[in-house]
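# Observations on the three-dimensional arrangement
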Protein chains: 2
Amino acid sequence: MKLRSKILEINPGKPIVFINEKDAKAAKIHPTDLVKLEIGKRAIYGEAAIDNVNIKPGEIGLSGEFLSINISQGELIEVVPAATPESVRYIKKKMKGEKLKKVEIESLIKDIVDRKLRDIEISAFVTALEIHGLDMDETASLTIAMAETGDMLDIDRKPIMDVHSIGGVPGNKTNMIVVPIVAAAGLTIPKTSSRAITSAAGTADVMETLANVTFSLDEIKRIVEKVGGCLVWGGALNLAPADDLTIHVERALSVDPTGLMLASIMSKKYAMGAQYVLIDIPTGKGVKVENLDQARSLAKDFIELGKRLGQYVEVAITYGGQPVGHMVGPALEARELMETLISGKGPGSLVEKATGLAGIILEMGGVAPAGMGKKMAREILESGKAYEKMKEIIEAQAGDPNIKPEDIPIGDKTYTFVAPTSGYITGIDNRAITAIARQAGAPEDKGAGLKLYVKVGEKVKEGDPLFTIYAESETRLDQAIVVARRSEPIKIEGMVLQRIGNI
Amino acid sequence: MKLRSKILEINPGKPIVFINEKDAKAAKIHPTDLVKLEIGKRAIYGEAAIDNVNIKPGEIGLSGEFLSINISQGELIEVVPAATPESVRYIKKKMKGEKLKKVEIESLIKDIVDRKLRDIEISAFVTALEIHGLDMDETASLTIAMAETGDMLDIDRKPIMDVHSIGGVPGNKTNMIVVPIVAAAGLTIPKTSSRAITSAAGTADVMETLANVTFSLDEIKRIVEKVGGCLVWGGALNLAPADDLTIHVERALSVDPTGLMLASIMSKKYAMGAQYVLIDIPTGKGVKVENLDQARSLAKDFIELGKRLGQYVEVAITYGGQPVGHMVGPALEARELMETLISGKGPGSLVEKATGLAGIILEMGGVAPAGMGKKMAREILESGKAYEKMKEIIEAQAGDPNIKPEDIPIGDKTYTFVAPTSGYITGIDNRAITAIARQAGAPEDKGAGLKLYVKVGEKVKEGDPLFTIYAESETRLDQAIVVARRSEPIKIEGMVLQRIGNI
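A quick note: this is a predicted structure, and the numbers were derived from the prediction, not measured.

### Quick word on the UniProt feature "binding site: AMP" (unreviewed entry) in chain A
Residues and elements named next belong to chain A. Feature annotation in UniProt assigns "binding site: AMP" (unreviewed entry) to the following positions: G168, S194, R195, A196, I197, T198, S199, T203, S264 and K288. The topology assignment puts G168 in the loop between β8 (161-165) and α6 (175-184). Here A196 is to be found in the loop between β9 (189-193) and α7 (203-207). In this view, A196 contacts A201, G202, D205 and P443; residues no more than four positions away in its chain are not counted.

The following block contains the structure:
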C-alpha cells in the first residue's frame with residue numbers, strides 16, 4: 001500500500017508509524033505490528049499505531065525520529081506488514097543456552113540497529129544473556145558488530161590511547177585530568193564520555209560547564225588532530241548505536257549482563273580507533289564492583305577481549321570506597337579539577353589517581369619508560385603543561401580557555417551539616433552522597449551538588465563542618481536536606497547510630 | 001503536575017500518555033518512561049511520548065484505550081513519573097532460576113493488568129519462564145491470579161462443564177457439536193472460544209456466521225441460564241486480562257512456556273466457574289503436540305493443575321494428523337456442522353470425535369453411566385435433540401435458528417485441484433491446508449477456505465478432485481492457488497514427489 005508521509009512532531013522514544021484505521025484494515029496491519037517502509041531502495045521499520053486524529057486515509061504519520069533518516073514531508077512510501085525477523089531465531093537459540101555464531105550475532109545487531117527488533121525482542125535477548133551469558137568468542141563478535149553498525153573515527157595520528165572508568169564513584173572527575181596530561185605528553189586521546197544516568201555528574205556534564213561537548217565525528221577528528229585530545233559527549237555520535245537500545249532495556253530491568261557490558265564499553269573504544277585502552281575499575285562498597293575478586297575477573301575479561309579486538313588493554317583496579325576529591329556535581333567538580341590543573345596540586349585522592357592512571361597510559365604509549373609513568377605524569381601536572389593542554393582543549397571545544405574556577409557558577413542556596421560528635425570518620429556512603437546531590441538538582445541543575453570537608457580516617461571535633469549542599473532553588477535544597485538527614489552519609493566512630501527507646 | 005485530559009482517537013496497542021515537550025521537561029518525564037496518572041483515588045499507568053502536535057502545555061493526551069477505564073475529556077489528572085514496580089524484582093528472581101511465592105506471582109500479574117509492566121518487563125518474564133519454567137505450585141498461583149484480576153462468571157446452575165481443544169488441527173469445528181449435545185443432556189456448558197490467530201478459523205469465527213458471538217458476562221449468564229450453553233467469543237470479555245498481554249509477547253517471540261500455556265487456558269475455565277473440564281489434545285504431525293509422550297505429559301499437568309484449582313479435569317488425546325471433517329474456513333465449517341446437526345450424521349472424523357468428547361463430558365457430569373457416554377451422545381445427535389439445542393443457542397445469541405446450511409454464504413471464486421496420479425492418499429499436511437485457506441482470505445473473509453474430497457487412506461484415480469479452494473476475490477484465489485501449487489498439501493502413494501534432471 002502506497003501512502004504519503006506526514007512527519008509528526010511526536011517523540012515516543014521509538015519509531016512509530018501512525019496509520020488511519022481504514023488503511024490499517026486494508027493492509028492487515030494491527031497496533032504494535034512491525035511494519036516495513038520502502039522508500040526507493042531503502043527499507044526501514046517501525047511499530048504500527050492506529051491514528052484517526054492526525055492521519056487521513058492515504059497518509060502515513062512518522063514520529064520525529066524518522067526525520068533523521070532523511071524522509072521528507074509528502075514522500076510516497078510503500079507500507080507493508082513486516083515478517084518476523086530471522087534474528088528472532090537466534091534469540092531463541094540463546095534462550096536454549098546455545099552458543100551463537102558470528103553471523104548470527106551480526107544479524108541480531110543489524111536488526112536491532114535497523115529497528116526490526118522491538119523492545120519485546122531486545123528484552124528477550126538481554127534476559128537470555130543475563131541467564132546464559134556470552135563466552136569470549138561471542139563477546140568479541142558482539143563488540144565488533146556493535147561498532148561496525150555505527151560510525152567509526154579514523155584519526156590520522158598514531159598511537160590512539162583511551163581511558164574508561166567503570167562508574168559508580170561520586171566526584172570522579174579523574175579522567176578530565178588524565179586526558180590533558182596524556183595529550184601534553186604527545187599522545188593522542190580522543191575521549192568520549194557519557195552524561196550522568198544514575199550518578200550526580202558524568203564527565204560530559206562536568207566538561208559542559210567549561211566548553212561545548214556536542215560535536216560531529218568530523219569535528220572531533222579536526223579537534224584531536226589539532227590538540228591531541230578531546231573531552232566530548234559520546235551520546236551525540238552514532239557510535240555503536242545498538243548499545244543505546246540494549247541499555248534502555250537493561251536499565252528498565254536493572255540487569256547488566258557481563259558480555260553486554262564489555263561489548264558496550266569496548267565497542268565505543270573500537271569505533272574511536274583506540275589501540276591502547278586503560279580500564280579503571282573502582283572497587284569498594286557502594287560502587288558497581290564491590291570486591292577484588294570480581295574486579296580481577298572483570299579485568300581478565302577486558303584484557304582477553306582486547307586481544308580479540310587487536311587492542312592492547314590494561315586494567316587499573318582503584319579504590320572506590322569513598323568519593324574522589326571533595327566536590328560532587330557538574331560545576332563543583334569543574335571548579336575542583338580546574339583548581340588542580342592550575343595549581344598542579346589538589347586532593348590526594350584525585351591527584352594520586354589521575355597521575356597513576358595517566359602514568360600507565362604514558363608507559364603503554366611508549367613515552368615513559370616502564371615504572372616512570374606516574375613520575376612523568378606528576379611532572380606534567382605540576383609544571384602546568386597539563387593546564388596549558390586543557391586550555392587548548394577547552395578552546396578547541398569552543399569554551400573560554402581563560403576561565404577561572406571561581407567564574408564557574410555554582411548553586412547559591414547552601415546548607416552545611418556539622419559533626420554531631422567528635423571522632424574519626426569511619427565511612428562515607430557513596431550511594432547516599434549521590435542521592436543527596438541528585439536530590440539537590442544534579443546533574444540537570446549544573447550548580448547543584450555538594451562539597452565534602454572530610455574524608456575517611458580524618459579526625460573531627462563536634463561542630464566541625466562535614467559537608468555543604470549546594471542547590472539552585474530553595475525547594476531542591478530542602479528536599480536534599482531531608483534525604484541527607486535520613487541517610488547519614490558520613491559515619492563518625494563513636495557516634496550513636498540509632499537510639500531505640502521503650503517500645 | 002496537574003494536566004487536563006484530552007482523549008485522542010489513537011490506538012498504539014498499549015496505553016500511551018502524550019505530553020507536550022515543555023511539561024515533560026518540567027516533570028522530568030522522558031519518552032517511554034512509565035508515568036502514573038492519579039485521578040481521584042485511582043492510579044493508572046502508561047508509557048510517555050512527547051507530542052507537540054496534538055498536545056499543548058497543560059494538556060495530556062490519552063490513547064483511546066483509556067476511555068474504557070472511564071476517563072472523560074477535560075478531566076484534571078495528576079501526572080508523575082512512576083517508580084520501578086516492585087514486581088521487577090520477582091522477574092529477576094525468576095531469571096536466577098528461583099521459585100516464586102504466591103504473593104510474588106500475584107504482584108506480578110496485578111502489575112501486568114495495571115499496565116505497570118511494559119513490553120520490556122513482560123518479555124523478560126516470559127523469557128525467564130521459557131528458560132526456567134514454573135513448577136505446579138507456581139502454575140496454580142499464576143492461574144488463580146490471572147483469573148482473579150479479571151471478571152468472573154457466577155452461573156446459578158450446577159454442575160458447570162467446559163471443553164477446550166488445544167489448537168492446530170484445521171477444520172476442528174468439533175466443539176460446536178459437543179456443546180449442543182452436552183446442553184441437550186441437561187448439563188450446563190458456558191463455552192467461550194477465541195478467534196483464529198494462526199489458524200484458518202477459530203470456533204468464534206465459525207459461530208459468527210450463524211449468530212452474534214460478542215456478549216457481556218451478564219448477557220452470557222442470562223443466555224446460559226436459559227438454554228444451558230453458549231458459543232461466544234472470549235476476547236470480548238475481561239477474562240484473565242493478563243493473558244492477552246503475555247500472549248502478545250509470546251507470539252512475537254514464538255515461544256509458549258508450558259506453565260503460561262496451562263495458566264492461559266485454565267484461568268479462563270476457572271473464571272467461567274467450570275467445575276468439570278475436558279481438555280482435547282490433538283496429536284500428530286503438523287499440530288502443536290506432535291507425539292504421544294508429549295501429549296501424556298501435558299495431560300498429567302492439566303489434571304494436576306485442575307486438582308489445585310478444585311476442578312475435575314480429564315484429558316482426551318485425539319488424532320490430529322489430518323483435518324477434522326472436509327471443510328476448512330468459517331462459513332464452510334459452519335455449513336458442515338449444521339448439516340451434521342440437522343441430519344444427525346456426517347464425516348466419520350467429525351462425528352466420532354464430537355460424540356467421543358461429548359460422551360466423556362456426559363459421564364463426568366453424571367448424566368451417563370460409565371462407558372455409556374458416547375452411545376448417549378450419539379443418540380442425542382441422531383435424534384435431532386442436539387440440533388434443537390443448537391437452534392435454541394443460535395436464537396439466544398440473536399441468530400436465525402432456522403438457517404439452512406446452503407443459506408450460509410461461501411466464496412464464489414473457486415478452483416479445484418485434481419489427482420495427478422492414481423493411488424492411495426498417504427498424507428494431508430495440516431500446515432499447508434491452513435496456509436492455503438488463510439491465503440484465500442480466511443478467517444477475515446468468512447466465505448474463504450477449502451473443501452477436501454479425500455482423507456488419508458482413501459483411493460483416488462488420476463483426475464479425481466482432491467480439494468476445492470473458495471475465495472471471495474480473484475486476487476485471493478490466485479494467491480491461494482500459488483501457495484497450494486508450492487506446498488503439495490495432499491500426498492498420493494506412488495506420486496513422483498520430486499523430479500531431478502541432469503544437473
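### A short note on the relation of the copies chain A and chain B
Mapping chain A onto chain B is achieved by rotating through 180° and translating by 0.0 Å along the same axis, at an RMSD of 0.1 Å. These values place the two chain copies in the arrangement generated by a two-fold rotation axis.

### A word on the sheet that holds strand β12 (residues 312-319) of chain B
Neighbouring strands of a sheet are bound in pairs by backbone hydrogen bonds; such pairs are parallel or else antiparallel. Residue and element names in this part refer to chain B. A sheet is described by the order of its strands in space; here 3 strands give the open sequence β8-β11-β12, paired in parallel fashion. Either end of the sheet is taken by a strand with one partner, and the two such strands are β8 (161-165) and β12. Neighbour-to-neighbour, the strand axes of this sheet turn through a mean angle of 20°, independent of strand direction. One ladder, built from 8 bridges, connects strand β11 (residues 276-283) with β12; its direction is parallel. In the strand pairing of β12, T283 is matched with Y319. Relative to β8, helix α10 (residues 258-271) is tilted by about 160°, and along the sheet it contacts β8, β11 and β12. Across the sheet, helix α11 (residues 292-309) lies against β11 and β12, angled at about 165° from β12, the strand it touches most.

### A word on the interface of chain A and chain B
Counting residues at the interface gives 43 residues for chain A and 44 residues for chain B. Seen at the junction of chain A and chain B, the total is 4 salt bridges. Two residues, K28 of chain A and E444 of chain B, come together in a salt bridge whose shortest N-O distance is 3.1 Å. If you look at where chain A meets chain B, you find 15 residue pairs in polar contact (both at pLDDT 80 or more). Where the side of chain A that touches chain B is concerned, the elements lending two or more residues are β2 (10-11), β5 (42-51), α2 (88-95), α4 (119-132) and α9 (242-253) of chain A.

### What to know about a negative patch on the surface
All names here are of chain A. A surface patch of like charges, here negative, comprises E339, E395, D400, E406 and D407. Structurally, the position occupied by D400 is in the loop between α15 (385-396) and β14 (413-418). Of the residues examined, D400 reaches a relative accessible area of 42% and is grouped as partly exposed.

### Here we look at the packing of aromatic side chains
All names here are of chain A. One pass over the structure, following the stated rule, counts 6 aromatic pairs over all chains. Between Y415 and F417, the ring centres sit 5.2 Å apart and the planes meet at 75°, which makes this aromatic pair edge-to-face. Judged by relative accessible area, Y415 falls into the partly exposed class, the value being 31%. Members of the aromatic cluster, each reached through a chain of ring pairs, are Y415, F417 and F467. We note R195 situated over the ring of W233; from NZ or CZ to the ring centre the distance is 4.3 Å.

### Here's the deal with helix α11 (residues 292-309) of chain A
Residue and element names in this part refer to chain A. Spanning 18 residues, α11 covers 26 Å between terminal C-alpha atoms, matching the ideal 26 Å at 1.5 Å per step. Taken residue by residue, α11 has A295, L298, A299, F302, L305, G306 and L309 as its buried positions. Down the axis of α11, the smallest arc covering the buried residues is 135°, so these residues share one side. Across from the buried face of α11, at angles greater than 90 degrees, the exposed residues are D293, K300 and K307. The elements touched by buried residues of α11 are α5 (136-148), α10 (258-271), β11 (276-283) and β12 (312-319). The distance from a side-chain oxygen at the start of α11 to the backbone nitrogen of D293 is 3.1 Å, and the residue carrying that oxygen is N291. Once α11 ends, the next one or two residues include G310, with phi positive near 75°.

### With respect to the packing of α5 of chain A against α10 of chain A
Residues and elements named next belong to chain A. In the contact formed by α5 and α10, the axes pass within 8 Å of each other and the chain directions differ by 45°. Between α5 and α10, the angle is such that the two are oblique. Judged by the sense of rotation from one axis to the other, the crossing of α5 with α10 is right-handed. Facing M136, T139, L142, T143, I144, M146, A147 and E148 of α5, the residues of α10 in contact are G259, L260, L262, A263, S264, M266, S267, Y270 and A271. Grouping the amino acids of the contact of α5 with α10 by side-chain chemistry returns 11 nonpolar, 5 polar and 1 charged.

### A closer look at the pattern of salt bridges
All names here are of chain B. Evaluated as defined, the whole model comprises 68 salt bridges over all chains. Across the pair D280 and K353 runs a salt bridge, and its minimum N-O distance is 3.0 Å. Taken together, the residues D280 in strand β11 and K353 in helix α13 (residues 348-364) connect sequence positions 73 residues apart. As far as burial versus exposure is concerned, D280 and K353 are alike and both buried.

### What about the sheet that holds strand β17 (residues 459-460) of chain B?
Residues and elements named next belong to chain B. In spatial order, the strands read β17-β15-β19; together these 3 strands make up an open sheet with antiparallel pairing. Each edge of the sheet is formed by a strand with only one pairing partner; in this case those strands are β17 and β19 (490-492). As defined by bridge partners, strand β15 (residues 423-428) adjoins β17 across 2 bridges and the pair is classed as antiparallel. Along β17, the bridge assignment pairs Y424 with K459.

### A closer look at the side chain of E138 of chain A
Residue and element names in this part refer to chain A. Structurally, E138 can be placed in helix α5. At 2.7 Å, the side chain of E138 and the backbone nitrogen of L100 are in polar contact. At 2.8 Å, the side chain of E138 and the backbone nitrogen of D135 are in polar contact. Among residues more than four places away in sequence, those in contact with E138 are K94, E98, K99, L100, I105 and G133.

### Describing the UniProt feature "active site" (unreviewed entry) in chain A
All names here are of chain A. The positions that UniProt labels "active site" (unreviewed entry) are, in the present scheme, D256. You can see D256 is positioned in the loop between α9 and α10. According to the relative accessible area criterion, D256 is partly exposed, its value standing at 31%. Once residues within four sequence positions are removed from consideration, D256 is found in contact with E130, E250, M261 and K288.

### Observations regarding the environment of N291 of chain B
Residue and element names in this part refer to chain B. Positionally, N291 belongs in the loop between β11 and α11. On the basis of relative accessible area, N291 is assigned to the partly exposed category, the value being 35%. At 2.9 Å, the side chain of N291 forms a polar contact with the backbone nitrogen of Q294.

### Quick notes on helix α8 (residues 217-227) of chain A
Residue and element names in this part refer to chain A. For α8, the full list of buried residues reads L217, I220, I223, V224 and V227. On an axial view of α8, the arc spanned by its buried residues comes to 120°, and they lie on one face. When the buried face of α8 is taken as reference, the exposed residues oriented beyond 90 degrees from it are D218, R222 and K226. Looking one or two places after α8, you find G228, whose phi comes out positive at around 90°.

Reading guide: rules and limits
- Residues numbered from 1 in each chain as written.
- Chains lettered and ligands numbered in written order.
- Predicted model: local features only at pLDDT ≥ 70, side-chain atom pairs only at ≥ 80, totals over all residues.
- Heavy atoms only, no water.
- UniProt positions renumbered as here; feature names shortened; annotations may be inferred.
- Helix = DSSP H or I, 4+ residues; strand = E, 2+ residues; numbered from the N terminus.
- Contact = heavy atoms within 4.5 Å.
- Least-squares fit on C-alpha atoms with pLDDT ≥ 70 in both.
- Pairing = 2+ DSSP bridges.
- Axes fitted to C-alpha atoms, helices over the stretch in contact; angles between N-to-C directions.
- Salt bridge = Lys/Arg side-chain N within 4 Å of Asp/Glu carboxyl O.
- Polar contact = N/O pair within 3.5 Å; in protein donor to acceptor, adjacent residues only side chain to side chain.
- Patch = residues over 30% accessible without salt bridge, like charges linked within 9 Å, V, L, I, M, F, W, Y side chains within 5 Å.
- Areas by Shrake-Rupley, 256 points an atom, 1.4 Å probe, with all protein chains shown as cover.
- Lys, Arg positive; Asp, Glu negative; His and termini not counted.
- Charge placed at Lys NZ, Arg CZ, Asp CG, Glu CD.
- Buried < 20%, exposed > 50% of the residue type's maximum accessible area, 1.4 Å probe, protein only.
- Phe/Tyr/Trp six-rings, centres within 6.5 Å; stacked < 30°, edge-to-face > 60°.
- Lys NZ or Arg CZ within 6 Å of the ring centre and 35° of its normal.
- Expected span 1.5 Å × (residues − 1).
- Arc of directions from axis to C-beta.
- Parallel < 35°, antiparallel > 145°, perpendicular 65-115°, else oblique.
- Left-handed = near helix turned anticlockwise from the far one by under 90°.
- Nonpolar A, V, L, I, M, F, W, Y, C, P; charged D, E, K, R; others polar.

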